[in-house]
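Read off the chains here:
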2 protein chains.
Amino acid sequence: MDYIDVFKALSNETRLNILQWLKEPEKHFPKQGAHIPKEVSFKGGVCVGDIQEKAKVSQSTVSHYLNLMQKVGLLESVRYGQWTYYRRDEEGIRQLAEYFRTEI
Amino acid sequence: MDYIDVFKALSNETRLNILQWLKEPEKHFPKQGAHIPKEVSFKGGVCVGDIQEKAKVSQSTVSHYLNLMQKVGLLESVRYGQWTYYRRDEEGIRQLAEYFRTEI
DNA sequence: TTGACATATCGAGAAAAGTCGATATACTAT
DNA sequence: ATAGTATATCGACTTTTCTCGATATGTCAA
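Cut-offs used in this document
- Residues numbered from 1 in each chain as written.
- Chains lettered and ligands numbered in written order.
- Predicted model: local features only at pLDDT ≥ 70, side-chain atom pairs only at ≥ 80, totals over all residues.
- Heavy atoms only, no water.
- Near = heavy atom within 4 Å.
- Polar contact = N/O pair within 3.5 Å; in protein donor to acceptor, adjacent residues only side chain to side chain.
- Helix = DSSP H or I, 4+ residues; strand = E, 2+ residues; numbered from the N terminus.
- Core = buried A, V, L, I, M, F, W, Y, C linked by side-chain atoms within 4.5 Å.
- Buried < 20%, exposed > 50% of the residue type's maximum accessible area, 1.4 Å probe, protein only.
- Contact = heavy atoms within 4.5 Å.
- Arc of directions from axis to C-beta.
- Buried area = accessible area lost by both parts, 1.4 Å probe.
- Salt bridge = Lys/Arg side-chain N within 4 Å of Asp/Glu carboxyl O.
- Nonpolar A, V, L, I, M, F, W, Y, C, P; charged D, E, K, R; others polar.
- Pairing = 2+ DSSP bridges.
- Axes fitted to C-alpha atoms, helices over the stretch in contact; angles between N-to-C directions.
- Parallel < 35°, antiparallel > 145°, perpendicular 65-115°, else oblique.

**Some thoughts on the protein's contact with DNA strand C**
Okay, step 1: Surveying the vicinity of DNA strand C reveals 22 residues, the closest of which are Arg15(A), Ser60(A), Thr61(A), Tyr65(A) and Gly49(B).
Okay, step 2: Considering the 4 Å shell around the protein, atoms of DNA strand C inside it are sugar or phosphate in 62% of instances.
Okay, step 3: In this structure, Ser58(A) approaches DNA strand C through a main-chain N or O atom, which is 3.1 Å from a phosphate oxygen.
Okay, step 4: At 2.9 Å, a side-chain N or O of Gln59(B) approaches a base nitrogen of DNA strand C.
Okay, step 5: When contributions to the surface near DNA strand C are tallied by element, the ones reaching two or more residues are α5 (59–71) of chain A together with α4 (48–55), α5 (59–71) and β3 (83–88) of chain B.
Okay, step 6: Top element by residues in the surface near DNA strand C is α5(A). It accounts for four residues.

**Some details on the nonpolar core**
Okay, step 1: Formed by 56 residues in total, the largest nonpolar core has its most connected members in Phe7(A), Leu10(A), Leu74(A), Phe7(B), Leu10(B) and Leu74(B).
Okay, step 2: Apart from the residues lying within four places of it in its own chain, the contact partners of Leu10(A) are Leu16(A), Leu19(A), Leu74(A), Leu96(A), Ile4(B) and Phe7(B).

**Quick look at α4(B)**
All names here are of chain B.
Okay, step 1: Within α4, burial applies to Val 48, Asp 50, Ile 51 and Ala 55. Buried residues of α4 fall within an arc of 165 degrees about the axis and therefore sit on the same side.
Okay, step 2: In this structure, the buried side of α4 is in contact with α2 (13–21), β1 (46–47), α5 and β3.

**Here's the deal with the interface of chain A and chain B**
Okay, step 1: Between chain A and chain B, the residue contacts involve 19 residues of the former and 19 residues of the latter.
Okay, step 2: Both sides of the chain A and chain B interface together cover about 1700 Å² of buried area, and 68% of this is carbon and sulfur.
Okay, step 3: The largest contributions to the chain A side of the interface with chain B come from Ile4(A), Phe100(A) and Ile104(A), which together make up 33% of the buried area.
Okay, step 4: The tally of links from chain A across to chain B stands at zero salt bridges.
Okay, step 5: Run the count over chain A and chain B and you get ten residue pairs in polar contact (both at pLDDT 80 or more).
Okay, step 6: Those elements giving two or more residues to the side of chain A that touches chain B turn out to be α1 (3–10), α2 (13–21) and α6 (90–103) of chain A.
Okay, step 7: In terms of residue count, α6(A) provides more of the side of chain A that touches chain B than any other element does, six residues in total.
Okay, step 8: Within the side of chain A that touches chain B, the residues separate by chemical class into ten nonpolar, four polar and five charged.

**Quick word on the pairing of strand β2 (residues 75–80) of chain A**
Side-chain direction in a regular strand flips from residue to residue, so the side chains alternate between the two faces of the sheet.
Residue and element names in this part refer to chain A.
Okay, step 1: With six bridges connecting them, β2 and strand β3 (residues 83–88) associate as antiparallel partners. Residue pairing in the sheet places Arg 79 in a bridge with Thr 84 of β3.
Okay, step 2: Hairpin connection from β2 to β3: two residues lie between these consecutive antiparallel strands, with Gly 81 at a positive phi of about 60 degrees.

**Here's the deal with the environment of Ile4(B)**
Okay, step 1: Position of Ile4(B) among the secondary structure elements: in helix α1 (residues 3–10).
Okay, step 2: Taking the relative accessible area as the measure of exposure, Ile4(B) reaches 16% and is therefore buried.
Okay, step 3: Ile4(B) sits 68 residues away from Val72(B) along the chain, and the two C-alpha atoms are 9.4 Å apart.
Okay, step 4: Once residues lying within four places of it in the same chain are set aside, the contact partners of Ile4(B) are Leu10(A), Ser11(A), Asn12(A), Glu13(A) and Leu16(A).

**Considering the packing of α1(B) against helix α6 (residues 90–103) of chain B**
Residue and element names in this part refer to chain B.
Okay, step 1: Running from N to C, α1 and α6 point in directions that differ by 105 degrees, and their axes come no closer than 12 Å. It follows that α1 is roughly perpendicular to α6 by the angle criterion. Only Gln 95, Leu 96, Tyr 99 and Phe 100 of α6 make contact with α1, whose side of the interface consists of Tyr 3, Val 6, Phe 7 and Leu 10.

**Examining α1(B)**
Helical geometry: 3.6 residues make up each α-helical turn, so side chains three or four residues apart lie on a common side.
Okay, step 1: Of all eight residues in α1(B), six are buried, a share of seventy percent or more.
Okay, step 2: All buried positions along α1(B) are accounted for by Tyr3(B), Ile4(B), Val6(B), Phe7(B), Ala9(B) and Leu10(B).
Okay, step 3: The elements touched by buried residues of α1(B) are α1 and α2 of chain A together with α2 and α6 of chain B.
Okay, step 4: Capping of α1(B) at its N-terminal end is provided by Asp2(B); its side-chain oxygen lies 3.0 Å from the backbone amide nitrogen of Ile4(B).

Below is the structure:
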């Protein structure tokens, strides 16, 4: 985990918002999971389009952001059909918190 | 406290190093406090020149970095004579940790 | 008051990040 | 096959950050 890159990812209001919205996906994305069938379980995942709508940036920007946040370990994703669902990578975030507590 | 700016400050290897070095100033800056007289107490403070030497960036860069880190609440400083001593702002860092724990 | 030193500020060029529209890819339904 | 939808990638332009050398400011010692 490259912590410099994680901090860079957190250095942007939209990305920070996304991370926080995803703490309570049902609250911030009411129609969350509309397309996902019951047999696929990816609890808390929200699709790119819903995040874009709320974040109010272009589709390409939000896609880029989500990919970036996934690469640094803040989010994880699953593709189902034409949708990609993103949710918090709680293990990565736990690791970051641990680093924070011991090294910062 | 503007957390975006704090994360920006942490998004740089040199600055992150400085913050970590200052956790154990005696270890990383052996001659620490050489100029500071006993009657002035600023425990753990290290002067700009010593930090520059270790960080291996230009004097103007390190001065800029330290000022930046102070502005966002990661460091605090005191001027004594021609020297400026910097140390961690433990209260600011505590606040950041609190934000981290509750919001991230 | 002059000269030496520590630090801060200024100005600038280079590198990186932000952000978009256009386009490509992948999937779905007809 | 075709058209429609969701997401990803590309290319480009703009804005921000990095980093430096030069210079200014403040302090101390002679």
